[in-house]
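Each chain, written out:
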Amino acid sequence: MSSTIVDQIKKQFSLRYGSESLLVRSPGRINLIGEHTDYNQGFVLPAAIDKAIYLGFAENGTTSCRVFSLDYLEEGSFLLEDVQPGGGWLTFIKGVVAQLMHDGHSLHGFDCVFGGDIPIGAGLSSSAALENGVGMGLNALFDLGLQRLDLVAISQRAEHEFAGVKCGIMDMFASMMGKRDFAIRLDCRSMAFDYFPVNLQEYQFLLCDTQVSHKLADSAYNTRREECQTGVAIIQRVFPETKSLRDVTMDQLEKIKEQFPGDVYKRCAYVVQENQRLIASCDLLQTSDLPGFGKLLYGSHVGLSRSYEVSCPELDFLVAQTIPMEYVLGARMMGGGFGGCTLNLVKISEKEAFIAEITAAYQLQFGILPKVYEVQIVDGTSLLN
Ligand code: GLA
């Protein structure tokens, strides 16, 4: 698949822009556990996957940037002297360009063709992959001397400023820093990380794509972030040493429970417990206790659905379907929520049965054919030539 996409990119590039291009691969990501913890300075456990965006770049000697999307079969363009947010998919590219220039890097006009096989809107971070790919490509093309972590920060700012989502660091970090066969255990406060071996024995992760992505997602995401900040401000009045929900215990929350307005208590409790689940998960994975880890996946889903309220009927249905399946150890929604994929820990030998059962049930309930993806854990964003 990927070599076909690269071939198509090369072909389109020479057809449209008539020159050799510098090639980049930038992967999507999964997250094993630790959802909505990144912007609360907590822990996450993501990994880069073998679904990626591929990009070709070349300088064009002007101040104009022309970008062709293979997936949408459309070209967008903008001038370096006037880079504004907007323009659908083009905003992610403009966002990275704007952040590079904001940091004082001098860019020149370029042409780009990109395409890939990360399903869009499926919660596999196609936008972070695109931003990282653009950052890595322009860094090489214009010899900017940026390191991977600089590029991660640029991608995040592009998402904040141009895509309008106040996302955490997880997606771009996982896509950029991924390592084959390892998850990344990242402390989103210190940015310390280590590569965590994922040994699933006779099990594997399968993703079930609801094929829905509810409109609410972006606004609800930003609201959750604000609710967590409100929570921290209230906790700080009693426990002034608190810097983020990362520092908070359930005992502390209980003591001041009645001080939280609206849903803020529930939101905070979810984040505190999800961090605990991540730490416990790492211990269980280290001792190869997969049934124990699977239970925490279900626990994470219940928290995301009932306390953090970022799930939707389609995700809840897919997770609920797996509970009676004795060959599934755990399942949960993954990523921001309101659509996208569930992550399922499934016995390899029962893969076909799982796909048949879950597909039939989902189709009967919603009239939509879900997709099921098998994913391998791969290296992060890289230059191909
Ligand atoms: C989205 C965001 C991430 C993270 C997840 C939830 O994917 O981009 O930063 O917050 O949601 O864990």
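Residues numbered from 1 in each chain as written. Predicted model: local features only at pLDDT ≥ 70, side-chain atom pairs only at ≥ 80, totals over all residues. Heavy atoms only, no water.

1. Details of the pairing of strand β6 (residues 110-116)
Working step 1: Where burial is concerned, most of β6 is hidden: six out of the seven residues are buried.
Working step 2: One ladder, built from seven bridges, connects strand β3 (residues 46-59) with β6; its direction is antiparallel. From the neighbouring strand, Gly-56 faces β6, where its bridge partner is Val-113.
Working step 3: Summarising the sheet, strand β4 (residues 64-69) and β6 pair through four bridges and their orientation is parallel. The residue of β6 that forms the bridge with Phe-68 is Val-113. (Buried < 20%, exposed > 50% of the residue type's maximum accessible area, 1.4 Å probe, protein only. Helix = DSSP H or I, 4+ residues; strand = E, 2+ residues; numbered from the N terminus. Pairing = 2+ DSSP bridges.)

2. With respect to the domain arrangement of the protein
Working step 1: Per the domain assignment, the segments of the protein are domain 1 (2-198 + 379-383) and domain 2 (203-374).
Working step 2: Taking the mean C-alpha position of each, domain 1 and domain 2 sit 26 Å from one another.
Working step 3: Opposite the 35 residues of domain 1 that make contact, domain 2 presents 44 residues.
Working step 4: Summing the contributions of domain 1 and of domain 2, the shared interface buries around 3100 Å²; its carbon and sulfur component is 62%. (Domains from an automatic or database assignment. Contact = heavy atoms within 4.5 Å. Buried area = accessible area lost by both parts, 1.4 Å probe.)

3. Description of the nonpolar core
Side chains of a nonpolar character, in soluble globular proteins, are inclined to be buried together.
Working step 1: Judged by nonpolar contacts, the single largest core of 110 residues is most densely connected at Phe-57, Ile-93, Phe-110, Leu-138 and Leu-253.
Working step 2: Element by element, the count of residues in this core is highest for helix α8 (residues 264-286), at eleven residues.
Working step 3: Taken domain by domain, this core gets at least three of its residues from each of domain 1 (2-198 + 379-383) and domain 2 (203-374).
Working step 4: Once you skip the residues sitting within four places of it in the chain, Ile-93 turns out to touch Val-67, Phe-78, Phe-110, Phe-114, Leu-130 and Val-134.
Working step 5: Within the second largest apolar cluster, 16 residues are counted, among which are Tyr-298, Phe-317, Met-325 and Tyr-362. (Core = buried A, V, L, I, M, F, W, Y, C linked by side-chain atoms within 4.5 Å.)

4. Quick word on the sheet that holds strand β9 (residues 203-213)
Working step 1: Strand order across the open sheet formed by four strands is β10-β11-β9-β12, with antiparallel pairing between neighbours. Strand pairing shows two members of the sheet lacking a second neighbour, β10 (328-333) and β12 (371-374), which therefore form its edges. Across this sheet, the average inter-strand angle for adjacent strands is 25°, counted without regard to direction.
Working step 2: For β9 and strand β11 (residues 339-347), the ladder comprises eight bridges, and the chain directions are antiparallel. Across the sheet, the residue bridging to Cys-208 is Thr-342, located in β11.
Working step 3: Against the sheet, helix α10 (residues 313-322) engages β9, β10 and β11, with an angle of about 10° to β11.
Working step 4: In this fold helix α11 (residues 351-366) packs onto β9, β10, β11 and β12, with an angle of close to 20° to the strand it touches most, β9. (Axes fitted to C-alpha atoms, helices over the stretch in contact; angles between N-to-C directions.)

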